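Close look at the chain arrangement
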Amino acid sequence: MSMLRTTMKNLVSRPATRLYPAEPADIPRGDRGRIVYDMRRCIFCGLCEKRCPTHAIIMDKANKRQSVSRAKCIACGVCIDSCPTDTIEMRPEYSPPSLSPEIHVYDAKLTPHQFVVASLPPFERAKTQRPAQVPFEKPTPSVQAPAPEEPVGLNCPVTCVMTSRVLTVFLEDSVKRAVQVMVANQLDGLPVVDINMQVVGIITAKDIARDAGRGKEGILSLLFARGEAKKADQDQEQRLKRTMEKAVSEIMTSPVITAAEGTPLREVAALMDANRISRIPVVDSSGRLCGIITHKDILKAIAKRIV
Amino acid sequence: MARISVTPFGPQHPSLLEPIHIKLRLEEEKVVGADIVIGYNHRGLERAMELDFKKNIYLSERVCGICSFNHSTTYVQAIEQMAGLLVPTRARLIRTIMLELQRMTSHLLTLGHTAEVMGYENLFMQTWREREDVMRLIDRIAGNRVHYSMNTIGGIRKDISYDTTKDIEGTLSQLLPKLEEIRRVFARDSTFAKRTKRVGVLSRDAARRYGAVGPTARASDIPYDVRLSSYAGYGVEGIKFRPIHREEGDCYARTMVRADELFQSIDLIGQSIGLLRDEPVMVQLKGNPQGEAFSRVEAPRGELFYYVKAKGEIKLDRVKIRTPTFVNVQCLAEMIPNCQLADVPVITVSIDPCICCTDR
């Protein structure tokens, strides 16, 4: 009976919820949203990196950079408590949702709270236009029917089949970091970018192996079995160690062959064949990296009859 | 004599929020036996805690989302005990305020969930609307709704200002009439009474035998409350309370114990705010902890227990967590037999199971 009274009261009262995206959310001033760096103040003491409970912060003292892995950060504020110079502050705003683990890089060269996203958001493919034809449906006997040995799909732009979630390394990163990214993500090569996401080179397992004087297979397996190499290989090990400490820019392949966004797939394939390469970074009109295409992508697209 | 059939309840079931598996032995519609299987949510947190003891504060909060502050309080208390730190009274009182606010969110969640599994969606929405007020209040105090990150070894990381205490008092005094309304519905509503009275009875002896804790034990006439052991601010002179207990031991009693504890929490928060004095809220820990210690806290679901062993290094030797639901969930084997199949969800929810804690 008493519930009936409450129900009637609710009938005439205002809703308790709000139409969230249309109306702003009620976020209090002291809310722990996300941390931002003011790189003018940072003295690179490394306390935030050391105290972070989730290892979300990576400091790069040589290049004056702080990277925050947004998916790892739990916004506990320990870095703010430990910072001696008030470099870090907490903003009551949330990072926009992303489909891949984003790493925000704060650089001393940028304006105070500006950052660069180190791994690009995926599904940019959805924005690009697909060709009008749907080739895998049986072609109607119209005038424009393509010849069977000329599949129309290979004329579609490269953006249809490329991988838009690209993992990259920075120019000044160590080879060791590049290898770590490669091993963790089972990749053979990574595009090298500068701070403005302009592609400046490419680093592959082959490059590293050549520099370290080893076979391509040897290099990756050796990294897994850290410290277990035989004593007889000590010379080799020294050489490998030196390679790992080098900057990516020293051993990368540069200049690199890139493809513009609208390039037809056929031309990309021809480019790969002519230069005997297996991956080509895709750049937009301003030279920013927007994807990567490998021979496997093309093969997969043909196998799944996407093109 | 009908044939006995075995029906699974869970690990995935519409009325459950978390995975727990109960094998029900049915004689037509009547349940004659129940086997409880846990372990669907194991994450290896005890092993993960054998790392940096300072970083563990934030990990311990993540054992459970509903009683996060209880977990971190229990953990830091164990370390403080090992290091012999005397936590300032202000910090202890602030801990009490946060613990009681968290108890309110948790109890309101369970009250709503109980109503929901009975099909009483209307009451469920009412309860959760009032819960939102407490959640927003916590967001204003701590900066986050679920993981407060306020505890640290030796006190509290973030002091609360005078304005905040006024905010707490104001919000709670506005909330009080609304909660009284909700309590009245739970106490008097005929639908609710029919579904819960004399359902899932846990006798006093059985509760003792199974070692039930928290509201489950208090509803079976065992006035056992860890808060009487005077941890955090509960031992500060001037704070008075008596554990709420009832005699029936059925689902109705368990629900009403929680409903009454909401008002006890508001009272305790008021008492704590009145006792706040200006003083530092933190003492510094020097060196690494050594030895072993255990600590207990009355979490919303009952006694929460941490055992910590350290050897003077940054890494800990062992952290053992015993959560209230781990004990209470076993009482289901006593409560469920001889009830109707349709009552199983209500009985299961009435002990407020938190499988996230239980499986760690």
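Parameters at a glance
- Residues numbered from 1 in each chain as written.
- Chains lettered and ligands numbered in written order.
- Predicted model: local features only at pLDDT ≥ 70, side-chain atom pairs only at ≥ 80, totals over all residues.
- Helix = DSSP H or I, 4+ residues; strand = E, 2+ residues; numbered from the N terminus.
- Buried ≥ 20, exposed ≤ 12 C-beta atoms within 10 Å, placed from the backbone.
- Contact = placed C-beta atoms within 7 Å.
- Rg over C-alpha atoms; globule rule 2.2 N^0.38 Å.
- Nonpolar A, V, L, I, M, F, W, Y, C, P; charged D, E, K, R; others polar.
- pLDDT = per-residue confidence, 0-100.
- Axes fitted to C-alpha atoms, helices over the stretch in contact; angles between N-to-C directions.
- Parallel < 35°, antiparallel > 145°, perpendicular 65-115°, else oblique.
- Pairing = 2+ DSSP bridges.

Here we look at the overall build of chain A
Summing up its helical and strand segments, chain A has 10 helices and 12 strands in all. Classification of the 307 residues of chain A by burial places 26% in the buried group. Within chain A, contacts between residues separated by at least 24 positions form 63% of all contacts whose residues are at least 6 apart in sequence.

As for the overall build of chain B
Scanning chain B for helices and strands turns up 13 helices and 8 strands. Against the compact-globule benchmark of 21 Å for 360 residues, chain B has a radius of gyration of 20 Å, which places it among compact chains. Considering only C-alpha atoms, chain B reaches an extent of 70 × 45 × 30 Å along its principal axes. When the 360 residues of chain B are sorted by exposure, 51% land in the buried category. Relative to all contacts within chain B whose residues are 6 or more apart in sequence, the contacts with residues 24 or more apart total 71%.

Section: the interface of chain A and chain B
With 14 residues of chain A at the interface, the matching set in chain B holds 18 residues. Here the side of chain A that touches chain B takes 4 residues from helix 1 (residues 2-12) of chain A, the largest share from any one element. Considering only residue class, the side of chain A that touches chain B consists of 6 nonpolar, 5 polar and 3 charged.

Observations regarding the environment of glutamine 236 of chain A
All names here are of chain A. One can find glutamine 236 in helix 7 (residues 234-245). Residue glutamine 236 is classed as partly exposed on the basis of its C-beta count, with 16 C-beta atoms lying within 10 Å. Distance in space between the C-alpha atoms of glutamine 236 and isoleucine 208 is 13 Å, their sequence separation being 28 residues.

Some details on the confidence of the model for chain A
All names here are of chain A. Across chain A, pLDDT averages 75, with 79% of residues at or above 70. Mean pLDDT across the elements of chain A bottoms out in helix 6 (residues 216-224) (57) and peaks in helix 3 (residues 78-82) (88). The low-confidence segment residues 120-152 (pLDDT under 50) makes 29 contacts with residues lying over four places distant or belonging to another chain. In this model, residues 225-229 is a region of pLDDT below 50 whose contacts with residues beyond four sequence positions or in other chains number 2 contacts.

Details of the packing of helix 5 (residues 121-142) of chain B against helix 6 (residues 162-188) of chain B
Residue and element names in this part refer to chain B. Following both chains from N to C, one finds helix 5 and helix 6 inclined at 170°, their axes separated by 11 Å at the closest point. Considering the angle they form, helix 5 stands roughly antiparallel to helix 6. Between helix 5, through Leu123, Gln126, Thr127, Glu130, Asp133, Leu137, Arg140 and Ile141, and helix 6, the contact on the second element is made entirely by Thr164, Asp167, Ile168, Thr171, Leu175, Lys178, Leu179, Ile182 and Val185.

Some thoughts on the sheet that holds strand 12 (residues 289-294) of chain A
All names here are of chain A. In spatial order, the strands read 10-11-12; together these 3 strands make up an open sheet with mixed pairing. Single-partner strands in this sheet number two, and they are strand 10 (259-260) and strand 12. The sheet contact formed by strand 11 (residues 279-283) and strand 12 spans 5 bridges and is antiparallel. Paired with arginine 279 across the bridge in strand 12 is threonine 294. The sheet strands contacting helix 9 (residues 265-275) are strand 10, strand 11 and strand 12, and the helix crosses strand 11 at an angle near 135°.

What to know about the pairing of strand 6 (residues 290-299) of chain B
Every regular strand shows the same layout, with side chains that alternate between the two sheet faces. Residue and element names in this part refer to chain B. Sheet topology places strand 6 next to strand 7 (residues 302-311); 10 bridges connect them, and they run antiparallel. Following the sheet pairing, phenylalanine 294 is matched in strand 7 by tyrosine 307. Joining the antiparallel neighbours strand 6 and strand 7 is a turn of 2 residues.

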